[in-house]
Amino acid sequence: AQSVSQHNHHVILSEAASLELGCNYSYGGTVNLFWYVQYPGQHLQLLLKYFSGDPLVKGIKGFEAEFIKSKFSFNLRKPSVQWSDTAEYFCAVNGNSGNTPLVFGKGTRLSVIA
Amino acid sequence: EAGVTQFPSHSVIEKGQTVTLRCDPISGHDNLYWYRRVMGKEIKFLLHFVKESKQDESGMPNNRFLAERTGGTYSTLKVQPAELEDSGVYFCASSQGRGGSTYEQYFGPGTRLTVT
């Protein structure tokens with residue numbers, strides 16, 4: 001069955017702390033991988049994506065993620081979080097053919113405190 | 001460029017009533033997706049249009065849900081009659097879907113449906 005597992009439901013960090021959010025997926029075949037973010041009161045927006053090529057992808061606002069095929073993982077990282085990173089983060093996967101539905105994880109709520 | 005828009009932003013209805021949600025995709029996007037997030041759970045796929053045709057409706061929960069996409073432009077999702085378990089946030093997304101980064105799905109703000 002297709003699924004995405006996000007290991008943390010709620011993460012609380014102080015400003016300037018490093019962030020790593022875990023994501024593992026189960027999906028047959030070649031995949032595209034995504035991290036979406038939903039800031040309070042805003043809609044889902046794409047943080048970064050992996051289609052092919054370099055497994056280390058960089059996104060907006062200093063975020064990056066690494067695709068490790070052997071571990072079926074796509075963890076999100078940021079070296080130093082800011083209060084404005086407070087949001088809910090969703091990992092998602094779809095098939096490499098592209099025009100297929102996204103399968104989402106349950107989301108990780110990140111709270112950054114001053 | 002205007003993003004994906006959804007209407008209404010919030011709807012509160014009683015069990016047994018009918019509600020129609022609307023999604024306007026980004027102009028020129030052939031692919032339109034509906035998703036739903038029930039409280040505390042993951043965002044789940046409902047169905048996928050390519051232009052006016054239903055490509056995949058495997059996620060539709062039951063026959064109380066009816067989706068249409070008139071002329072391949074905007075889409076509506078009707079719930080009739082609504083049940084308590086239909087409460088949640090309904091998201092619409094669109095993509096060009098013509099290769100590479102055009103597969104990226106852009107999301108609307110969602111419609112929060114509350115069935116009482």
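Here, every reference points to the structure presented above.
What follows deals with the interface of chain B and chain A. Listed as interface residues are 21 residues of chain B and, on the opposing side, 19 residues of chain A. Together chain B and chain A conceal approximately 1,700 Å² of surface at their shared face, both sides included; 58% is due to carbon and sulfur atoms. By the criterion of area lost to chain A, the three top residues of chain B are B:I43, B:Y103 and B:F107, representing 33% of everything that side buries. At the junction of chain B with chain A, the criterion picks out two salt bridges. Where chain B meets chain A, there are seven residue pairs in polar contact (both at pLDDT 80 or more). At the level of secondary structure, the elements contributing two or more residues to the side of chain B that touches chain A comprise β4 (31-37), β5 (43-50) and β9 (88-95) of chain B.

Here the focus is the sheet that holds strand β1 (residues 5-7) of chain B. Residues and elements named next belong to chain B. Across the sheet, which stays open at both edges, the four strands sit in the order β1-β3-β8-β7 with antiparallel pairing between neighbours. Every interior strand has two partners, whereas the edge strands, β1 and β7 (65-69), have only one. Going from strand to strand, the sheet's axes swing by 15 degrees on average, the running direction of each strand aside. Examined bridge by bridge, β7 and strand β8 (residues 75-79) share five bridges and lie antiparallel to one another. Bridge pairing links A67 to L77 in β8.

Once that is clear, we can look at the pattern of salt bridges. Applying the stated criterion across every chain yields a total of 13 salt bridges over all chains. A salt bridge links B:D24 to B:R22; the shortest N-O distance between them is 2.7 Å. Relative accessible area serves as the criterion here: at 33%, B:R22 is assigned to the partly exposed category. One salt-bridge network, in which partners are shared between bridges, spans A:K58, A:E64, A:E66 and A:R77.

With that out of the way, let us pick up the pairing of β4(B). Residue and element names in this part refer to chain B. Among the seven residues in β4, seven count as buried, and that is most of the element. The alternating pattern of β4 places N31, Y33, Y35 and R37 on one face and L32, W34 and R36 on the opposite face, and all of these are buried. Pairing geometry for β4 and β5, over seven bridges, is antiparallel. For Y35, the partnering residue across the bridge sits in β5 and is F45. If you look at the hairpin formed by β4 and β5, you'll find five residues sitting between the two strands, and G40 has a positive phi there, around 80 degrees. Where β4 and β9 come together, seven bridges link them in antiparallel fashion. Note on β9: the bridge partner recorded for L32 is S94.

General note: in soluble globular proteins, nonpolar side chains tend to be found buried as a group. A:W35, A:F74, A:L76 and A:Y89 are the most contacted members of the largest nonpolar core, which totals 30 residues. The residues contacting A:Y89, other than those within four sequence positions of it, are A:Q6, A:L21, A:W35, A:Y36, A:V37, A:L47, A:F63, A:L76, A:G107, A:T108 and A:L110. One finds B:L47, B:A67, B:V79 and B:A82 within the second-largest nonpolar core, a separate group that totals 21 residues.

What follows deals with the state of the cysteines. Disulfides are covalent bonds that connect the sulfur atoms of two cysteines. All names here are of chain A. Tallied over the entire structure, the rule returns two disulfides over all chains. Across the disulfide from C23 sits C91; the S-S distance is 1.9 Å. Between C23 and C91, the S-S dihedral sits near -65 degrees, and the bridge is therefore left-handed. Of the two residues, C23 is situated in strand β4 (residues 23-26) and C91 in strand β10 (residues 87-95); the sequence distance between them amounts to 68 residues. A residue is classified by how much of its surface remains accessible, and C23, at 0% relative accessible area, is buried.

Take the environment of A:A92 next. Residues and elements named next belong to chain A. Mapped onto the secondary structure, A92 falls in strand β10. The class for A92 is buried, based on a relative accessible area of 0%. Remark: the alpha-carbon pair of A92 and I68, spanning 24 residues in sequence, is separated by 15 Å. If near-sequence neighbours (up to four positions away) are discounted, A92 is found in contact with N32, L33, F34, L102, V103 and F104.

Quick look at the side chain of A:D85 now. Residues and elements named next belong to chain A. Note on placement: D85 falls in the loop between β9 (73-78) and β10. Note on D85: relative accessible area 2%, which makes it buried. A polar side-chain atom of D85 sits 2.8 Å from the main-chain amide nitrogen of Q82. The contacts of D85, once residues within four sequence positions are left out, are Y39, F63, K78, L110 and V112.

Parameters and conventions
- Residues numbered from 1 in each chain as written.
- Chains lettered and ligands numbered in written order.
- Predicted model: local features only at pLDDT ≥ 70, side-chain atom pairs only at ≥ 80, totals over all residues.
- Heavy atoms only, no water.
- Contact = heavy atoms within 4.5 Å.
- Buried area = accessible area lost by both parts, 1.4 Å probe.
- Salt bridge = Lys/Arg side-chain N within 4 Å of Asp/Glu carboxyl O.
- Polar contact = N/O pair within 3.5 Å; in protein donor to acceptor, adjacent residues only side chain to side chain.
- Helix = DSSP H or I, 4+ residues; strand = E, 2+ residues; numbered from the N terminus.
- Pairing = 2+ DSSP bridges.
- Axes fitted to C-alpha atoms, helices over the stretch in contact; angles between N-to-C directions.
- Buried < 20%, exposed > 50% of the residue type's maximum accessible area, 1.4 Å probe, protein only.
- Core = buried A, V, L, I, M, F, W, Y, C linked by side-chain atoms within 4.5 Å.
- Disulfide = S-S within 2.5 Å.

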